[in-house]
Amino acid sequence: MSFFTSPTFFSTLSGFIRRSLWVILLGLTLSLRSNGYAQAPEPAAPLEEAPTATTTVDDWFWQNPFPQGNILRAVSCASDTFCKAVGETGTILSWDGTSWQTDPSETTFHLFGVFCESESLCKAVGQNGTILSWNGAFWSSENSGSTETLNGVSCPTSSICKAVGTTGTILSWNGATWSTDTSGTTNTLHGISCAGSTRCKAVGDGGIIRSWNGSSWTGNTSGTTNTLYRVSCPSTAYCKAAGDGGVVRTWTTGLIWNGDGTITSNTFYGLSCSSTSQCKAVGVSGMIFSWDGAAWTSDTSNTSQILYGVSCSSATQCKTVGDFGTIQAWNGSAWTADATGVQAVINGLSCPTGTLCKAVGANGLILSWAGTTWGTETSGTTATLIGVSCPSGTLCKTVGQGGVIRSWNGTSWSSNSSGVTTSLRGVSCPTTTLCKAVGNGGVIRSWNGTSWSGNTSGTTVTLYGVSCPTTTLCKAVGQNGTIRSWNGTTWSGDTSGTTSTLYGISCPTATFCKAVGVSGTLLSWDGSLWTTDTSSTSQNINGVSCASDVQCKAVGAGGTLLNWNSGTTWDVETSGTSQILNGVSCLTAASCKAVGNGGAILGMVRQTLIDVSAGFAINISSDSGCLTTLSATEFNTDHPNATAPLQTGRYWAIDSGSCTSGFIGSLTLPVLFTPDTEDSLCRYSGTGIIWSCEANRFTATTITRDGVNGFSDWTGGNNAGPTAVVLEHFAGRAENLGGWGGVLLVSVLLIGGGWVFRKRTKA
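Engineer: Give me the lowdown on the side chain of Asn151, citing residues and values where you can.
Structural biologist: Considering the arrangement of structural elements, one finds Asn151 in strand β11 (residues 150-157). Contacts of Asn151, omitting those with residues within four sequence positions, involve Phe112, Gly113, Val125, Val164, Gly165, Thr166, Thr188, Leu189, His190 and Arg230.

Engineer: Can you explain the sheet that holds strand β45 (residues 483-486)? Please cite residues and give values.
Structural biologist: Here four strands make up an open sheet; going across it, the order is β43-β44-β45-β46 and the pairing antiparallel. Both outer strands of the open sheet, β43 (463-470) and β46 (491-494), are each paired with one neighbouring strand and no more. The sheet shows a mean angle of 25 degrees between the axes of neighbouring strands, direction not considered. Pairing geometry for strand β44 (residues 473-478) and β45, over four bridges, is antiparallel. Bridging from a neighbouring strand, Lys475 pairs with Ser485 of β45.

Engineer: Help me get a handle on the state of the cysteines, residues and values and all.
Structural biologist: Taken as a whole, this structure holds 16 disulfides when the rule is applied. Note on cysteine connectivity: Cys116 is disulfide-linked to Cys122, with sulfurs 2.2 Å apart. Sign of the S-S torsion, about 110 degrees for the bond between Cys116 and Cys122, identifies this disulfide as right-handed. Residues Cys116 and Cys122 agree in their burial class; the two are buried. The side chain of Cys155 participates in a disulfide bridge whose partner is Cys161; the two sulfur atoms lie 2.1 Å from each other. Judged by the sign of its S-S torsion, about 105 degrees, the cystine formed by Cys155 and Cys161 is right-handed. For Cys155, a relative accessible area of 2% corresponds to the buried category.

Engineer: Tell me about the sheet that holds strand β15 (residues 189-196), and please be specific about residues and values.
Structural biologist: What the four strands build is an open sheet, ordered β15-β16-β17-β18; its pairing is antiparallel. The open sheet terminates on both sides in strands that have one partner only, identified here as β15 and β18 (217-220). Each adjacent strand pair in this sheet contributes to an overall mean axis angle of 25 degrees, direction not counted. Sheet analysis places strand β17 (residues 209-212) next to β18, joined by four bridges and oriented antiparallel. The residue of β18 that forms the bridge with Ile209 is Asn220.

Cut-off values and rules
Residues numbered from 1 in each chain as written. Predicted model: local features only at pLDDT ≥ 70, side-chain atom pairs only at ≥ 80, totals over all residues. Heavy atoms only, no water. Helix = DSSP H or I, 4+ residues; strand = E, 2+ residues; numbered from the N terminus. Contact = heavy atoms within 4.5 Å. Pairing = 2+ DSSP bridges. Axes fitted to C-alpha atoms, helices over the stretch in contact; angles between N-to-C directions. Disulfide = S-S within 2.5 Å. Buried < 20%, exposed > 50% of the residue type's maximum accessible area, 1.4 Å probe, protein only.

Everything listed here is a matter of geometry and, on its own, says nothing about what the molecule does.
Here you go:
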């Protein structure tokens, strides 16, 4: 770019000179040479400034466990460096030989089976007949022609696959479409394995086994009535099946399966045999058994979670997956964890600052957030902790079973005497010298800065939550729609208008409260009375936190996450999990965290979107802790440093503030041209006109790039391949053209990753 068309030049001109320059520039002509060099852009006429349209989006992502905590149901490894794991809410993870990353799956249905024939072909199946296909770059949906739940899939070749499911469903893939096979049974089929195009075995309820010979399905005698969940055939002459009660059956020839003897009384959910002398079977309580060709022996798995799937690409490489994002890896001698993080139930959460949170849960669990990571702390108790409140960074109170109360002084946790043995369910501390704790039987305990004493609550029902915006106002909620109110001296009853049990309450001010409970119950307090809010869910809502009277978050069963939007309505947000969420804490509108079962901890980044077009999306999948806000502004013009393939009429300035690393996500941009495989999303390096261009998938109007780990200026690249676009040579000369001054002739040579860019851009 010349100085005379640069933003710096324009910003330094006076209004008169700037207007004069536009008149001069109208007389300039840019000439494209016939040798294929890119044409420089014509300067656009100044546009009338439109009103700014600003929206906010709250994007939730996993902070614990890592890389995520949804239940994983199946895994398939095409090689030691390539695996796919699938699970609930459409979760798909990808192993590259070093780490697991999240794949965008394009579905929220639960996925129960996956098979990878190679690194460029995988099939995943699940609820409602869902079938997804991996082509080596991205997942896309396929029409199964069925609404039955599909539990397993196997592909002996790239053009043959079989999928099985409920009511005896068997579907067949011919490389182009799915069709229905006649299975000969209505029993639910849970697993399938195909050693070749003419040898498949499907297993299911009641010990049923169906066998494929290349043209039809017939029955085998399994020798058991126990449900069989998985089958694995490492060759056309050898298969094993496993299921309920630890049963394992082996097939070598003919129609009859034989037993492997008594292995365990616990259920096997997953099975994989890389050869006739190497198999792994997994199941309840982290159980893993290993077959060496002669006998089954128990492995040490290092987890107590249920394991649902296992895949062995060789004798020295296996992956097993299960509850709460559990992933274990076998190296030929031992199992180690691929996933990290605590997986216990987390009941309560309190964040007094942006760099300090306390989360409490089962068996005395206390986790602490220091601004970047979650770590465990010594609580000094094995009692289940249910509620926690931190009025400052140096004082927290947590309460739980048996009347236990633990106190944080900024350094360590110590015991407080509650004076009761009744379980305490909730606690709220508006100051360091006043706390209220509530629990079973209507018990209420009060902290005065030195000790705990009793309050008369006026009720005997269990109280689940309490919130104190000031020292003279508290609200406690519980069974049968009970709400008790503290005026600084005594507790009295409020009329809630409901008989539904209430689990949580949050009062950011004395004149504004939200209470939540069973079956989507939502109540609002305006300082004088309670009214019912319109609910957008029928799930139990377990916790609520309000940073102000116009911003609240509520969480509950099934991963429910609701947002009180600008003080008008409750909107559903995507939490990315089906785990039960028990608690949420919002320090500000842009700083919230949620916790739940299986060690689930979700972080949030608030996105401020300015003038963005439909189709724009940023989806953060993980963050080390510093990412709290993102801003994105769309400009309907070419980027000032864009080369010809990037002059596509739009660019976006995306800012992650002071957080420049430690996060990963995907970015989708709407483009004004029709995308294809030659196109990319390109990020500006900030130097010269160097851009990094990549893409993972596209639609008719958008392009998506995964693995985004930094933000700056972005644009869509029309015929810009997956490589950096660099300006290597720039030459120009002015020729006299009467009173207009001249014609600017430009020749530009673009080098991208070693090849010369000479393609003509699409219309």
